[in-house]
Amino acid sequence: MVTPVAAIIEVAGLVKRYPGVVANRDVNLQVDKGTIHAIIGENGAGKSTLMKMLYGMVKPDEGTITVEGKAQTFKGPQDAIAAGIGMVHQHFMLADNASVLENVILGSEPSKFGVAIDFEKARSHFLDITKKYGLAINPDDLVADLSVGGRQRVEIAKVLFRGANILILDEPTAVLVPQEVNELFENLKDLIKSGLTVLFISHKLQEVLEVSSHITVMRQGTTVASLTPKETSARELAELMVGRQLPQAKPTESHAGDTRVLDIQGASYRQGDGREALTKVSLTLSSGEILGVAGVEGNGQSELVEMILGIVKPFEGSIEVLGNDATSMTTRAIRDSGVGYIPQDRSRDAMLLPESLWENRILGHQATAPIASGVWINKKAAQVDSERIVEEYDVRTPSIRVAAAALSGGNQQKFIVGREMAGSPKLVVAAQPTRGVDVGAQALIWDRLVAAKENGAGVLLVSADLDELFALSDRIAVIFNGQIVAELTPAGTTPELLGLAMTGAKAA
Amino acid sequence: MTRSRIFWGIAAPLSAISFSLLLASGILMLQGANPIQTFQLLFSYGFQPRNVVAELNQASAYYLAGISAAIGFKMLLFNIGIDGQYRLGVFFAAVVGGAVTLPPVLHILLIVFVAATVGGAWAAISGWLKIKYGVSEVISSIMLNFIAAGLVTYMLNPLRLGEQAEGSQNISTPTIPESGWLPNIEVAGGTLYTFIFFSAVVGVGYWILITKTVFGFNLRATGVSFRAALSSGVNAPRMIFLTMVLSGAIAGLVGVGTLLSDTHNYSLSFPSGYALTGLALALLGRNHPIGIAFAAFFWAFLERSAGVLDLNGIPTEIVTMMQGTIVISIVVAYELIKRLNLRQQQAAVGSHQEEAPEESKETDK
């Protein structure tokens, strides 16, 4: 059924420039029909830009895109869809309180008498598709009731409904729990059996090796290698992705001191909609220690962090931060008592993007010396200390007066880490501190976290990156569904066991 | 860097004003009038000493409306309730001022205090509704404008707080005793309100508060990013509330100049429409106290000199239209310049480093 090796997509010499940066240069890609082709690369390697060009969302400055032997210049996604390309975005675009079928046909409704929607026809076409490709979704379910994996299948059905035979999936596994990842991979295999082609973006090496038949590696905006899983290894892929030796945190000894910097006992938190996001969480952290918190995203990590910072309050249980009862303290008081905070969403929670770097130095420290003297902001001190951070943390910027928005994510993050380490905090809460940053920044941030610990700070490291957790943590607590389900030591476990624990499996 | 910032700051209002002049010229020509002559007419009339004094007096009120709007803008609040806050503020200030006799300075301070307090309290309703129930301050303050206007009309009645001079149709509050009058300055063209200095002090105070203090930083941070402010330890809802109150307090002062220096009572002849003027001036002056000062004078200048057009058979609406175009084009110009500026900075950062390109977040859909 599958005709052997015909390039369905060919990309040659693609270049895309944004002001100040070249997002893609000299990109070459050949995707064979009926295969799962993975594109891997670090955050910022240019994967998304390439996908956006393939889907017509962004126009390339140079180069050619050929689809099924025909050169294409897409003016918009409509053209790409017409050429048989469909895209499943990382963040789903679904209407929650509409049914699956309504969501799927939205925007390409088959019509009856030119005005009415032909639901009969839509339904039979939908059922054909789900049956043919083995997608387990019910057309009458409400999207709001579906799991994340279910929503993703709706997105896939939506693309297939529009007649796509080439699917682009942008980091499809980032939002899924491991079982759902397996289901997705089964679905993808069914799709290619029916002659479809799948392009799949990821930066997770294991799953790429597991599911794809071809792998293209991107680095710094360009394609650097094209391989098959059989002829490569995770190690080799990783080195191709980063282009140099991987950063390795030197194994450090535990320096755990006697001072409790954080003591959470039986804390539970309920969200505005009544859902219990955290249930009887207990954690302790001593000075000179790094406690990793591992978990698939969305299992209560952000609520845990915000609860420690006093942004949200538990309805039961106790939280002591540096010996004080944090449940009755404002965020200001908690921070000023000696807590450094690196939020997980840096552009939303940690930066005033339109403001200059030195003004961002003030954020979070506006009430403590040297930034504040009484009611006044000490501009000079903020600027002097910003210069110091730029220097010591290798923030690549022409000046401390440029807007934070002008900097790359890695440089923003280095600046944030420098800011939060200023004044030697006794507790550092770091949520996903190296997400989306380049390798150089990652190595630097790891170093600084370890240095903070060696200087006697307690570090709470919330991360989804197993390598990071293993490299830095003295202990690892596993959070699943709002509960701490296991506590391990890096020496006493393996990435596999940890990964299992993160799915809530009791064995760990 | 500073020099380029000043350049970017001035480029937008200048291009907006030029654009509106161009458009007005087109319309004037369609009307068969000579645009150059018309502008010359406006210019020479508007700069007659007598008119300059009147413009300055008017500008001192506009200026406060502009500052009031600017404080809101710093928080991304759209205080369209300036009208109601101003009206209630000046009304109660007139009532209280007219009811007591105090030593001169104290009397004036009391009037100012009452105006600011009433304006602030009225705005507090919008602020409270916003942080407690998420009601848009635009909606609530428009409603409150109507309520304020109704309230004042109700109370300004001989049976209640108003009085009617014999043989006059005009109802006003009792006249404030002379201890509550602000001495004026006699200049070549007429009487200049001393109040203009008070306005200037408010402008300077606003700037110090916003740029130099922790409170001002918290205010701006909350305006730029509510979440980032929360994470940084700012009580962001409380900041929103306080900003609204502050904006209302300054709006309450808008009519005080006329009260202290000219009429010495409140009557129905007090003008309305300060909300839209204030917002326009804050936009045009880019929330900067000096920018707003120029904008306020320019506004008063246009309105005053419009009077001469009628005498020459040119419709005065041309001035209203120019004001409208200026506001629209200023919004566009600022947005364009903001983008250009960011691009320039990104290019500077880009050329500063040879590093992995960051995926552009702006294009994310």
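Procedures and definitions
- Residues numbered from 1 in each chain as written.
- Chains lettered and ligands numbered in written order.
- Predicted model: local features only at pLDDT ≥ 70, side-chain atom pairs only at ≥ 80, totals over all residues.
- Helix = DSSP H or I, 4+ residues; strand = E, 2+ residues; numbered from the N terminus.
- Rg over C-alpha atoms; globule rule 2.2 N^0.38 Å.
- Buried ≥ 20, exposed ≤ 12 C-beta atoms within 10 Å, placed from the backbone.
- Contact = placed C-beta atoms within 7 Å.
- Axes fitted to C-alpha atoms, helices over the stretch in contact; angles between N-to-C directions.
- Parallel < 35°, antiparallel > 145°, perpendicular 65-115°, else oblique.
- Left-handed = near helix turned anticlockwise from the far one by under 90°.
- Nonpolar A, V, L, I, M, F, W, Y, C, P; charged D, E, K, R; others polar.
- Domains from an automatic or database assignment.
- Expected span 1.5 Å × (residues − 1).
- Pairing = 2+ DSSP bridges.
- Core = buried A, V, L, I, M, F, W, Y, C linked by C-beta atoms within 7 Å.
- pLDDT = per-residue confidence, 0-100.

Here we look at the overall build of chain A
Across its full length, chain A carries 17 helices and 24 strands. For 508 residues, the compact-globule formula gives about 23 Å, and the C-alpha radius of gyration of chain A, at 25 Å, lands near that figure. Looking at chain A as a whole, 49% of its 508 residues qualify as buried. Put simply, 68% of the contacts in chain A that link residues at least 6 apart link residues at least 24 apart.

Some details on the overall build of chain B
Each helix and strand in chain B was counted, giving 14 helices and four strands. A compact globule built from 365 residues would reach a C-alpha radius of gyration of about 21 Å, and chain B, at 23 Å, matches this within 12%. Summarising its shape, the C-alpha atoms of chain B cover approximately 80 × 60 × 35 Å along the three principal directions. Taken over 365 residues, chain B has a buried fraction of 48%.

Focus: the packing of helix α3 (residues 49-74) of chain B against helix α13 (residues 289-311) of chain B
Residue and element names in this part refer to chain B. Two elements in contact, α3 and α13, have axes whose closest approach is 7 Å; the angle formed by their N-to-C orientations is 135 degrees. Comparing their axes, α13 and α3 come out oblique. α3 and α13 meet at a crossing whose hand is right-handed. Contacts between α3 and α13 involve N51, A54, E55, Q58, A59, Y62, Y63, G66, I67 and A70 from the first element and P289, I292, A293, A295, A296, F297, W299, A300, F301, R304 and S305 from the second. A per-class count over the contact of α3 with α13 returns 15 nonpolar, four polar and two charged.

Some thoughts on the interface of chain B and chain A
Taken together, the contacts link 35 residues of chain B with 52 residues of chain A. For the side of chain B that touches chain A, the per-class residue count stands at 14 nonpolar, 14 polar and seven charged.

Details of the domain arrangement of chain A
Accessible area lost when the parts come together is the quantity often used to give the size of an interface. Domains assigned within chain A are domain 1 (7-242) and domain 2 (254-337 + 456-508). Computed from C-alpha atoms alone, the centre-to-centre distance between domain 1 of chain A and domain 2 of chain A is 35 Å.

Structural notes on helix α13 (residues 379-392) of chain A
Residues and elements named next belong to chain A. With 14 residues, α13 ought to run about 20 Å at 1.5 Å a step, and its terminal C-alpha atoms sit 20 Å apart, in line with that. Considering only its buried residues, α13 is in contact with α12 (357-362) and α14 (409-421). Where α13 terminates, the next one or two residues include D394, which has phi positive at roughly 55 degrees.

Regarding the environment of R348(A)
Here R348(A) lies in helix α11 (residues 346-350). If near-sequence neighbours (up to four positions away) are discounted, R348(A) is found in contact with S225(B), R227(B) and A228(B).

Remarks on the sheet that holds strand β9 (residues 166-169) of chain A
Within a sheet, adjacent strands bond to each other through the backbone by hydrogen bonds, running parallel or antiparallel. Residues and elements named next belong to chain A. The six strands are arranged β6-β9-β10-β3-β11-β12 in an open sheet whose pairing can be described as mixed. The sheet is open, and its two edges are formed by β6 (85-88) and β12 (222-227), each paired on a single side. Geometrically, the sheet is characterised by an average inter-axis angle of 20 degrees between neighbouring strands, direction not taken into account.

Considering the pairing of strand β14 (residues 276-286) of chain A
Residues and elements named next belong to chain A. With seven bridges connecting them, strand β13 (residues 260-270) and β14 associate as antiparallel partners. Residue pairing across strands places Y269 opposite L278, the latter belonging to β14. Between β13 and β14, which pair antiparallel and follow one another directly, the connecting turn spans five residues, one of which, G274, has a positive phi of 95 degrees.

Description of unusual backbone geometry
Residue and element names in this part refer to chain A. In this chain, A369 is followed by P370 through a cis amide linkage whose omega measures 0 degrees. Structurally, the position occupied by P370 is in the loop between α12 and β19 (372-373). Phi at D26 takes a positive value of approximately 50 degrees, unusual for a residue other than glycine. Examined against the element boundaries, D26 turns out to sit in strand β2 (residues 21-32).

Digging into the nonpolar core
Note on soluble globular proteins: their nonpolar side chains tend to be buried together. V429(A), V478(A) and L281(B) are the most contacted members of the largest nonpolar core, which has 179 residues in total. When residues no more than four places from it in sequence are discounted, the contact partners of V478(A) are A294(A), G295(A), I484(A), V485(A), A486(A), L488(A), L498(A), A501(A) and M502(A). Within the second largest apolar cluster, 62 residues are counted, among which are I8(A), V11(A), F74(A) and L188(A).

Observations regarding the packing of helix α2 (residues 35-46) of chain B against α13(B)
Residue and element names in this part refer to chain B. Interaxial distance between α2 and α13 falls to 8 Å at its minimum, and their mutual angle equals 110 degrees. Regarding the angle of α2 to α13, the classification is roughly perpendicular. Of the residues in α13, those in contact with L41, L42, Y45 and G46 of α2 are F301, R304, S305 and V308. Of the residues in the contact of α2 with α13, the class split is five nonpolar, two polar and one charged.

Comments concerning helix α10 (residues 236-252) of chain B
Between its first and last C-alpha atoms α10(B) spans 24 Å; for 17 residues at 1.5 Å apiece the expected length is 24 Å, and the two agree. For α10(B), the buried fraction is high: 13 of the 17 residues fall into the buried class.

Describing the sheet that holds strand β16 (residues 316-321) of chain A
All names here are of chain A. The strand order across the open sheet built from four strands is β14-β13-β16-β17, with neighbouring strands paired in antiparallel fashion. The open sheet has two edge strands, β14 and β17 (324-325), and neither has a second partner. Bridge count between β13 and β16: five bridges; the pairing is antiparallel. Counterpart to D263 in the pairing with β16 is E320. Its contacts with the sheet place helix α9 (residues 301-308) against β13, β14 and β16, and it is angled at close to 60 degrees to β14.

Describing the confidence of the model for chain B
Do not read the predicted coordinates in detail wherever pLDDT is low. Residue and element names in this part refer to chain B. Looking at chain B as a whole, its pLDDT mean stands at 89, while 95% of the residues score no less than 70. Confidence, read as mean pLDDT per element, is least for helix α1 (residues 2-30) in chain B (82) and greatest for α10 (97). Contacts from residues 354-365, a stretch scored under 50 in pLDDT, to residues over four places away or in other chains number 28 contacts. Interface scoring of the predicted complex returns ipTM 0.85; its pTM is 0.78.

Comments concerning the pairing of strand β23 (residues 475-480) of chain A
All names here are of chain A. Counting buried residues along β23, six of its six residues qualify, which places the element largely inside the surrounding structure. Alternating positions in β23 separate into two faces, R475, A477 and I479 on one and I476, V478 and F480 on the other, with burial throughout. Where strand β15 (residues 289-294) lies against β23, four bridges are found, and the strand directions are parallel. Bridge assignment links A294 to a residue of β23, and that residue is V478.

Quick look at the environment of Q344(B)
On the secondary structure map, Q344(B) appears in helix α14 (residues 317-352). Distance from Q344(B) to A16(B), taken between C-alpha atoms, is 21 Å for residues 328 residues apart in sequence.

Let's talk about the environment of V319(B)
Residues and elements named next belong to chain B. Relative to the helices and strands, V319 is located in helix α14. It is 26 Å that separates the C-alpha atoms of V319 and I337, two residues lying 18 residues apart in sequence. In contact with V319, not counting residues within four places along its chain, are L302, E303 and A306.

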